[in-house]
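Chain and residue survey
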Amino acid sequence: MRLNRRVAVITGGTSGIGRAMALLFAQEGARVAVTGRNEERGRKVVSEIEQAGGSAIFVKSDVRFAEECRRAVEETVNAFESIDILCNNAGVYYRNSVVDCTEEEWDLQVDIMLKGTFLMSKYTLPLMIEKGSGVIINISSACGLVGEDKGAAYCAAKGGVITLTKTMAKDHGHQGVRVNCICPGDTETPMLFEDAKLRGVTWESYLKDSSSRPLGRIGQPEDVAKTALFLASDDSSFMSGAVIKLDGGGKKTY
């Protein structure tokens with residue numbers, strides 16, 4: 001029970017990596033606020049947690065908008081009295097180069113992943129600063145470190161998350177708040193299925209790329225959740241500003 005009685009907010013917690021973090025954190029004793037735009041999926045995650053004996057709420061929220069982020073924080077505090085852990089995980093992906101990317105697609109990706117991380121942190125940090133402790137975990141991507149073909153807006157947003165992580169770690173470390181970042185490589189989530197579809201390849205063909213990784217497999221949401229658990233717990237009490245590349249050793253193209 002490494003997170004016993006702590007309160008965690010997980011944006012984009014309705015599927016994929018976010019869902020895996022929500023389930024694992026609850027298993028480790030945290031009370032979890034799952035946020036996202038899909039209410040049906042969000043309530044399903046909450047039900048899974050409750051059926052396993054945990055405590056959770058769902059807050060329908062779009063991290064692009066300040067008032068919705070503020071409300072997500074307020075509803076969490078109303079339910080659980082505090083926030084100890086914030087996981088900025090919400091994301092979206094459109095496969096386009098700069099030339100092909102529309103302004104709408106650019107704005108959507110940057111607003112959800114970069115602006116959303118800023119806004120959720122903005123409204124959560126004062127609570128953590130007031131009590132002198134807290135953990136923020138930002139989910140970036142290996143693409144934010146090295147770039148990816150036809151991922152202009154996605155890579156730009158994820159790269160921004162990495163730099164924002166380091167800045168927040170410097171600004172708020174003396175106030176007792178630790179801020180770290182995870183950069184997953186290809187991970188078996190709905191977003192990755194969509195990438196395979198956009199590339200016009202079968203899922204089976206897509207998975208063959210796993211052989212190009214030293215560990216010989218694709219990542220699983222649980223791999224990221226376990227790393228996030230380490231960062232959320234006291235096991236990482238001397239870590240802040242860290243950027244963890246979690247990609248099975250990397251692709252040959254890295």
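Anything mentioned here points back to the structure above.
Worth saying up front: this structure is predicted, and the values here are computed from it rather than measured. (Residues numbered from 1 in each chain as written. Predicted model: local features only at pLDDT ≥ 70, side-chain atom pairs only at ≥ 80, totals over all residues. Heavy atoms only, no water.)

**A short note on the overall build of the protein**
The condition that has to hold: In this text, helices come from DSSP runs of H or I with a minimum length of four residues, and strands from runs of E with a minimum of two, each type numbered from the N-terminal end. Partly exposed describes any residue whose relative accessible area lies between the buried limit of under 20% and the exposed limit of over 50%, with all areas from a 1.4 Å probe on protein chains only and scaled to the type maximum. Contact between two residues is taken to exist if any of their heavy atoms lie within 4.5 Å; hydrogens are not considered. Areas reported here follow the Shrake-Rupley algorithm with a probe of radius 1.4 Å; residue values treat only the protein chains shown as occluding. Just so you know, the count uses Lys and Arg for positive and Asp and Glu for negative, and it drops His and the chain ends. Charge positions are represented by NZ for Lys, CZ for Arg, CG for Asp and CD for Glu.
The secondary structure content of the protein amounts to 9 helices and 7 strands. On the principal axes, the C-alpha backbone points of the protein span a range of 45 × 35 × 35 Å. Relative to its 254 residues, the protein shows a buried fraction of 51%. Long-range contacts, defined here as pairs at least 24 residues apart, represent 71% of the contacts in the protein between residues at least 6 apart. By element, 50% of the accessible surface of the protein is carried by carbon and sulfur atoms, the whole surface being about 11700 Å². Distance from the positive charge centre (31 side chains) to the negative charge centre (33 side chains) of the protein: 3 Å.

**Comments concerning the side chain of Thr11**
Residue placement: Thr11 occurs in strand β1 (residues 7-11). If we skip the residues at most four places from it in the chain, Thr11 touches Thr35, Val63, Cys87, Asn88, Asn89, Ala90 and Met120.

**Quick look at the side chain of Asp62**
The line we're drawing: Polar contact is defined as a pair of N or O atoms within 3.5 Å, subject to the rule that within protein one atom must be able to donate a hydrogen and the other to accept it, and that residues adjacent in sequence are counted only when both atoms are side-chain atoms.
Tracing the backbone through its elements, the reader meets Asp62 in the loop between β3 (55-60) and α3 (66-80). Classification of Asp62 as buried rests on a relative accessible area of 7%. Side-chain polar atoms of Asp62 contact the side chain of Arg64, separated by 2.6 Å. Excluding anything up to four places from it in sequence, Asp62 contacts Arg37, Glu68 and Cys69.

**Regarding the environment of Ser141**
Along the chain, Ser141 falls in the loop between β5 (134-139) and α5 (143-146). You can call Ser141 buried: its relative accessible area is 5%. Apart from the residues within four sequence positions on either side, Ser141 is in contact with Tyr154, Lys158, Ile162, Ile182, Cys183 and Pro184.

**Brief notes about helix α7 (residues 190-199)**
Basically, it comes down to this: In this context, the arc is that of the directions from the helix axis out to the C-beta atoms.
For α7, the full list of buried residues reads Leu192, Asp195 and Ala196. Projected down its long axis, α7 carries its buried residues within an arc of 100°, all on one side. Among the residues trailing α7, Gly200 stands out with phi positive, at a value near 75°.

**Quick word on the pairing of strand β4 (residues 85-88)**
In plain terms, the rule: A pair of strands is considered paired only if DSSP assigns at least 2 bridges between the two.
Judged by which residues are buried, β4 turns out to be covered on both faces: Ile85 and Cys87 on one side and Leu86 and Asn88 on the other are all buried. In this structure, β1 lies alongside β4, joined through 3 bridges in parallel fashion. In the sheet register, Ala8 faces β4, and the bridge partner there is Ile85. As defined by bridge partners, β4 adjoins β5 across 4 bridges and the pair is classed as parallel.

**A word on the sheet that holds β3**
Rules: The angle between two axes is taken between their N-to-C directions and runs from 0 to 180 degrees, where each axis is a line fitted to C-alpha atoms and a helix contributes only its stretch in contact.
Spatial strand order, β3-β2-β1-β4-β5-β6-β7: 7 strands in an open sheet with parallel pairing. Looking at the sheet topology across the chains shown, the edges are occupied by β3 and β7 (243-246). Each adjacent strand pair in this sheet contributes to an overall mean axis angle of 15°, direction not counted. Pairing geometry for β5 and strand β6 (residues 177-184), over 6 bridges, is parallel. Pairing of Ile139 across the sheet is with Ile182, part of β6. Along the sheet face, α3 touches β1, β2 (31-36) and β3 and points at about 155° away from the line of β3. Seen against the sheet, helix α9 (residues 221-232) touches β4, β5, β6 and β7 and runs at an angle of roughly 165° to β6.

**Looking at the packing of helix α1 (residues 16-27) against helix α2 (residues 39-51)**
Going by this rule: Here the word oblique covers every angle except those under 35 degrees (roughly parallel), over 145 (roughly antiparallel) and from 65 to 115 (roughly perpendicular). By convention, the crossing between two helices is left-handed when the near helix turns anticlockwise from the far helix through less than a right angle, and right-handed when the turn is clockwise. Any residue outside Ala, Val, Leu, Ile, Met, Phe, Trp, Tyr, Cys, Pro, Asp, Glu, Lys and Arg is labelled polar, Gly included; the first ten of those are nonpolar and the last four are charged.
Two numbers describe how α1 lies on α2: the axes approach to 10 Å, and their chain directions differ by 20°. Taken together, the axis directions place α1 and α2 in an arrangement best described as roughly parallel. Where α1 crosses over α2, the handedness of that crossing is right-handed. Contacts between α1 and α2 involve Arg19, Ala22, Leu23 and Ala26 from the former and Val45, Glu48 and Ile49 from the latter. Grouping the amino acids of the contact of α1 with α2 by side-chain chemistry returns 5 nonpolar, no polar and 2 charged.

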